[in-house]
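The residues making up each chain are set out below.
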Amino acid sequence: MQSILRDLRGKANLSQADLADKLGVSRQTINAIETERYSPSLELAIHIARFFNTTVEEVFHVD
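Residues numbered from 1 in each chain as written. Predicted model: local features only at pLDDT ≥ 70, side-chain atom pairs only at ≥ 80, totals over all residues. Heavy atoms only, no water.

> Just to check I follow, could you spell out the nonpolar core for this structure?
With 15 residues, the main nonpolar core has Leu5, Leu19 and Ile48 as its most contacted residues. Those elements that provide at least two residues to this core are α1 (5-11), α2 (16-23), α3 (27-34) and α4 (42-51). Here this core takes 4 residues from α4, the largest share from any one element. Among residues more than four places away in sequence, those in contact with Leu19 are Leu5, Arg9, Leu14, Ile30, Phe51 and Phe52. (Core = buried A, V, L, I, M, F, W, Y, C linked by side-chain atoms within 4.5 Å. Buried < 20%, exposed > 50% of the residue type's maximum accessible area, 1.4 Å probe, protein only. Helix = DSSP H or I, 4+ residues; strand = E, 2+ residues; numbered from the N terminus. Contact = heavy atoms within 4.5 Å.)

> Would you take a moment to explain the packing of aromatic side chains for this structure?
The way to describe two aromatic rings as a pair is by their centre distance and the angle between their planes. Applying the stated criterion across every chain yields a total of 1 aromatic pair. Considering the side-chain rings of Phe51 and Phe52, the 4.9 Å spacing of their centres and the 90° angle between planes classify their relative orientation as edge-to-face. According to the relative accessible area criterion, Phe52 is buried, its value standing at 16%. (Phe/Tyr/Trp six-rings, centres within 6.5 Å; stacked < 30°, edge-to-face > 60°.)

> Looking at this model, I keep getting lost on the environment of Ala32. Mind explaining?
Along the chain, the position of Ala32 falls in helix α3. Of the residues examined, Ala32 reaches a relative accessible area of 11% and is grouped as buried. Ala32 sits 26 residues away from Glu58 along the chain, and the two C-alpha atoms are 19 Å apart. Once you skip the residues sitting within four places of it in the chain, Ala32 turns out to touch Arg37 and Tyr38.

Structural data, given as structure tokens:
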């Protein structure tokens, strides 16, 4: 699953660790999502979208 998470995080001037802390996940989880090695749960995807004030469909899309 592809995402624009890295772009959103960069625009917000957040490190992977900063974002992970705000979402209650590990930095490794954020890294794995950004490098397309991990597809987040629906719950985490919703939390990410809400954090960036957007929709899940805007953040994540299937190949």
